[in-house]
Amino acid sequence: RRVREAVVSTQSTGAHIAQETSGGWDTAPGGRYAWGLYFPEEMGCDKGNCAPYCAVVPEYPCVAGKGYHGRGPIQLSYNYNYGLFSKQYLGDKMILLNDPDRVKKDGELAFISALWFWMTPQSPKPSCHDALVGNWVPTAKDLKCGRKPGFGVTINIVNGGVECNHKPMKSKTFHRVETYKLFCKKLGTTPGANLNCETQQQFAAFCG
């Protein structure tokens, strides 16, 4: 069972990392899906053209002049994620709140941030890992909101506010799913059910 869980989680993590950091396009050498791990941070943000990604969370205050846009393999975003990761891994929430660029400059820290995000539940969201390997059981509300175990719910956890509950499926979501299918093919596994989140409400939504 542990081997199966490792394979399922690895192929899914790989797909998200490839999509989040991709520099590929349809006619790129090697194809669109051969360009993962190209961008170390959200496109355009290196030139200062990004929103600050600052949410009002008193426990993890934004620092003046700092931006908490996506950085690293899974594009860690928002002050509360930088602060919580910094607190749990570095022992001080202010280290990364003061210096969020450290996530893109320190390769080891960057990948640890991705693994941390993948494995850490943040209520009401389960961890991506738990959602894939059977550790997460959807509540009645989850089911009413269309959220079921599968790769699709990991899209919801990673980027639900942007990509989920959209018909037709957004191109970004389409490429994310296609990347996942490619990883499954390379590892000799099957993608399973519930691959996208086009009918899922994000976790913060009220599904009346």
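If you're wondering where the values come from, they're calculated on a predicted model, not measured in any experiment. (Residues numbered from 1 in each chain as written. Predicted model: local features only at pLDDT ≥ 70, side-chain atom pairs only at ≥ 80, totals over all residues. Heavy atoms only, no water.)

Let's talk about the environment of Val158
Rules: A run of H or I in DSSP becomes a helix once it reaches four residues, and a run of E becomes a strand once it reaches two; helices and strands are each numbered from the N terminus. The contact criterion used throughout is that any non-hydrogen atoms of two residues lie within 4.5 Å.
Along the chain, Val158 turns up in helix 8 (residues 151-163). Along the chain, Val158 and Ala131 lie 27 residues apart, while their C-alpha atoms are 12 Å from each other. Discounting residues that sit within four places of it in the chain, Val158 has contacts with His16, Glu20, Phe117, Cys128 and Arg176.

Section: the nonpolar core
The condition that has to hold: Take the buried Ala, Val, Leu, Ile, Met, Phe, Trp, Tyr and Cys residues and link them wherever side-chain atoms come within 4.5 Å; each set so joined is a nonpolar core. The buried label goes to any residue with under 20% of its type's maximum accessible area, the exposed label to any with over 50%, and the partly exposed label to all in between, with areas taken from a 1.4 Å probe on protein chains only.
Counting 27 residues, the largest nonpolar core has Tyr82, Phe85 and Phe117 as its most contacted members. Mapped onto this core, the elements with two or more residues apiece are helix 1 (2-20), helix 2 (79-90), helix 3 (94-98), helix 5 (107-119), helix 6 (128-133) and helix 8. Here this core takes six residues from helix 5, the largest share from any one element. By size, the runner-up hydrophobic cluster in this structure holds nine residues, among which are Ile155, Cys164, Cys184 and Cys197.

Considerations on helix 2
Under the convention used in this document: Helices are assigned an expected span. That span is 1.5 Å times one less than the residue count.
For helix 2, with twelve residues, the first-to-last C-alpha span of 15 Å sits near the 16 Å given by 1.5 Å per residue. Residues of helix 2 that are buried: Asn79, Asn81, Tyr82, Gly83, Leu84, Phe85 and Ser86. Against the buried residues of helix 2 lie helix 3, helix 4 (102-105) and helix 5. Positive backbone phi, at 85°, marks Gly91, one or two positions downstream of helix 2.

Looking at the pattern of salt bridges
Note the cut-off: Salt bridges are defined as contacts in which a side-chain nitrogen from Lys or Arg sits within 4 Å of a carboxyl oxygen from Asp or Glu.
Applying the stated criterion across every chain yields a total of eight salt bridges. Lys87 is the salt-bridge partner of Glu59, the closest N and O atoms lying 3.5 Å from each other. Highlighted residues: Glu59 in the loop between helix 1 and helix 2 and Lys87 in helix 2, separated in sequence by 28 residues. For Lys87, a relative accessible area of 42% corresponds to the partly exposed category. Residues joined by salt bridges that share partners form a network here, namely Glu20, Glu163 and Arg176.

Some thoughts on the side chain of Thr21
Put simply, the rule is: What qualifies as a polar contact is a pair of N or O atoms within 3.5 Å, subject to a donor-acceptor requirement within protein and to the restriction that residues adjacent in sequence count only when both atoms come from side chains.
With respect to the element layout, Thr21 can be found in the loop between helix 1 and helix 2. A relative accessible area of 1% places Thr21 in the buried class. A distance of 2.7 Å separates a polar atom in the side chain of Thr21 from the backbone oxygen of Ile17. Excluding its chain neighbours within four sequence positions, the residues that come into contact with Thr21 are Trp35, Gly36, Leu37, Tyr38, Phe39, Gly72, Pro73 and Gln75.

Section: the packing of helix 8 against helix 9 (residues 171-187)
Going by this rule: Note on method: axes are straight lines fitted to C-alpha atoms, helices fitted across the in-contact stretch only, with angles between N-to-C directions ranging 0 to 180 degrees. Any angle between 65 and 115 degrees counts as roughly perpendicular, while under 35 counts as roughly parallel, over 145 as roughly antiparallel, and the rest as oblique. Note on convention: near helix rotated counterclockwise from far helix by under a right angle means a left-handed crossing. Clockwise means right-handed. Basically, the charged four are Asp, Glu, Lys and Arg, the nonpolar ten are Ala, Val, Leu, Ile, Met, Phe, Trp, Tyr, Cys and Pro, and anything else, Gly included, counts as polar.
It is at 11 Å that the axes of helix 8 and helix 9 come closest, and there the two elements cross at 155°. Classed by the angle they form, the pair helix 8 and helix 9 counts as roughly antiparallel. Crossing angle aside, the handedness with which helix 8 passes helix 9 is right-handed. For the pair helix 8 and helix 9, the contacting residues are Phe151, Ile155, Val158, Asn159 and Glu163 in the first and Lys172, Thr173, Arg176, Val177 and Tyr180 in the second. Partitioned by chemical class, the residues of the contact of helix 8 with helix 9 number five nonpolar, two polar and three charged.

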